[in-house]
Amino acid sequence: EAQVTQNPRYLITVTGKKLTVTCSQNMNHEYMSWYRQDPGLGLRQIYYSMNVEVTDKGDVPEGYKVSRKEKRNFPLILESPSPNQTSLYFCASSLSRRGTDTQYFGPGTRLTVL
Amino acid sequence: GQNIDQPTEMTATEGAIVQINCTYQTSGFNGLFWYQQHAGEAPTFLSYNVLDGLEEKGRFSSFLSRSKGYSYLLLKELQMKDSASYLCAVRDDNTDKLIFGTGTRLQVFP
């Protein structure tokens, strides 16, 4: 089954404790992206990757890191989480960044930083 | 600047028709997407418009007018399971980004 998976689905942590949210897709997609979703603000892009070893900042990259060592995986790293990073996070992938290519979303990770 | 506007909330009755509007202002345009998102779940793709006109897909239709920066999603024969948020998103071909509106929360009542 074609899908985007994320782990963990739920995480409660404390300020300053490094964490990684994994994302994996099995559709051989080139383009992968991380979003955060907050009430009243909609989905905002954090980082994206056009292909292996190619990553770039989205609209809200501060406090986050990513890597793309393999085509299928795109982990999101929070080196020193803070309470304002409490949010619902979605990983997404698409064949490319072309206009017609649909983005497929993972199930989401609900992160709470105390 | 970049801006996408859609109503925050709408209500409708089972079996009825509802139209969710979306207006946008972006520096470039390379297509408009509609996604459905149930509470706490991932957005799922509904439709894509890049040319003016109406695209029909079963009970759902989506319309685009590029000159007016306007789209709507039309849902017919509403069912309870259609209660969800509907996200309008525009691909800006200058930045190549997909910009999302804040979503319209639709509640369908019996």
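Small disclaimer: the values here were computed from a predicted structure and weren't measured.

What counts as what
Residues numbered from 1 in each chain as written. Chains lettered and ligands numbered in written order. Predicted model: local features only at pLDDT ≥ 70, side-chain atom pairs only at ≥ 80, totals over all residues. Heavy atoms only, no water. Helix = DSSP H or I, 4+ residues; strand = E, 2+ residues; numbered from the N terminus. Contact = heavy atoms within 4.5 Å. Buried area = accessible area lost by both parts, 1.4 Å probe. Salt bridge = Lys/Arg side-chain N within 4 Å of Asp/Glu carboxyl O. Polar contact = N/O pair within 3.5 Å; in protein donor to acceptor, adjacent residues only side chain to side chain. Nonpolar A, V, L, I, M, F, W, Y, C, P; charged D, E, K, R; others polar. Buried < 20%, exposed > 50% of the residue type's maximum accessible area, 1.4 Å probe, protein only.

Engineer: How should I be thinking about the environment of B:Cys88 in this particular structure?
Structural biologist: Residues and elements named next belong to chain B. Mapped onto the elements of the fold, Cys88 is located in strand β9 (residues 84-92). For Cys88 and Ser71, which are 17 residues apart along the polypeptide, the C-alpha to C-alpha distance reads 8.6 Å. Here Cys88 is in contact with Ile4, Gln6, Cys22, Leu32, Phe33, Trp34, Ile99, Phe100 and Gly101, once residues within four sequence places are set aside.

Engineer: Whenever I open this one, the interface of chain B and chain A confuses me. Can you help?
Structural biologist: One frequently used descriptor of interface size is the decrease in accessible area upon assembly of the parts. Chain B puts 19 residues into the contact, and the matching count from chain A is 21 residues. Taking both partners together, chain B and chain A bury about 1600 Å²; carbon and sulfur atoms supply 52% of that area. One can count 1 salt bridge joining chain B with chain A. Inspection of the region where chain B meets chain A yields 4 residue pairs in polar contact (both at pLDDT 80 or more). Residue assignment for the side of chain B that touches chain A shows that the elements contributing at least two residues are β4 (32-37), β5 (44-49), β9 and β10 (97-100) of chain B. Of the residues in the side of chain B that touches chain A, the class split is 9 nonpolar, 6 polar and 4 charged.

Engineer: Got a minute to help me understand the pattern of salt bridges in this structure?
Structural biologist: Per the stated rule, a full pass over the model turns up 9 salt bridges over all chains. One salt bridge connects B:Lys97 with A:Asp59, and the closest N-O pair in it is separated by 2.9 Å. Placement of B:Lys97 in strand β10 and of A:Asp59 in the loop between β6 (54-57) and β7 (65-66) is noted, with the two residues assigned to different chains. Looking at A:Asp59, the relative accessible area reads 48%, which means it is partly exposed. Residues participating in the shared-partner salt-bridge network are A:Lys18, A:Lys65 and A:Glu79.

Engineer: What am I meant to see in the side chain of A:Asp101 here?
Structural biologist: Within the secondary structure layout, A:Asp101 lies in the loop between β9 (87-94) and β10 (104-105). For A:Asp101, the side chain forms a polar contact with the side chain of A:Ser96, separated by 2.4 Å. Setting aside residues up to four positions removed in sequence, A:Asp101 forms contacts with A:Ser94, A:Leu95, A:Ser96, B:Phe33 and B:Arg91.

Nothing here speaks to function; it is geometry throughout.
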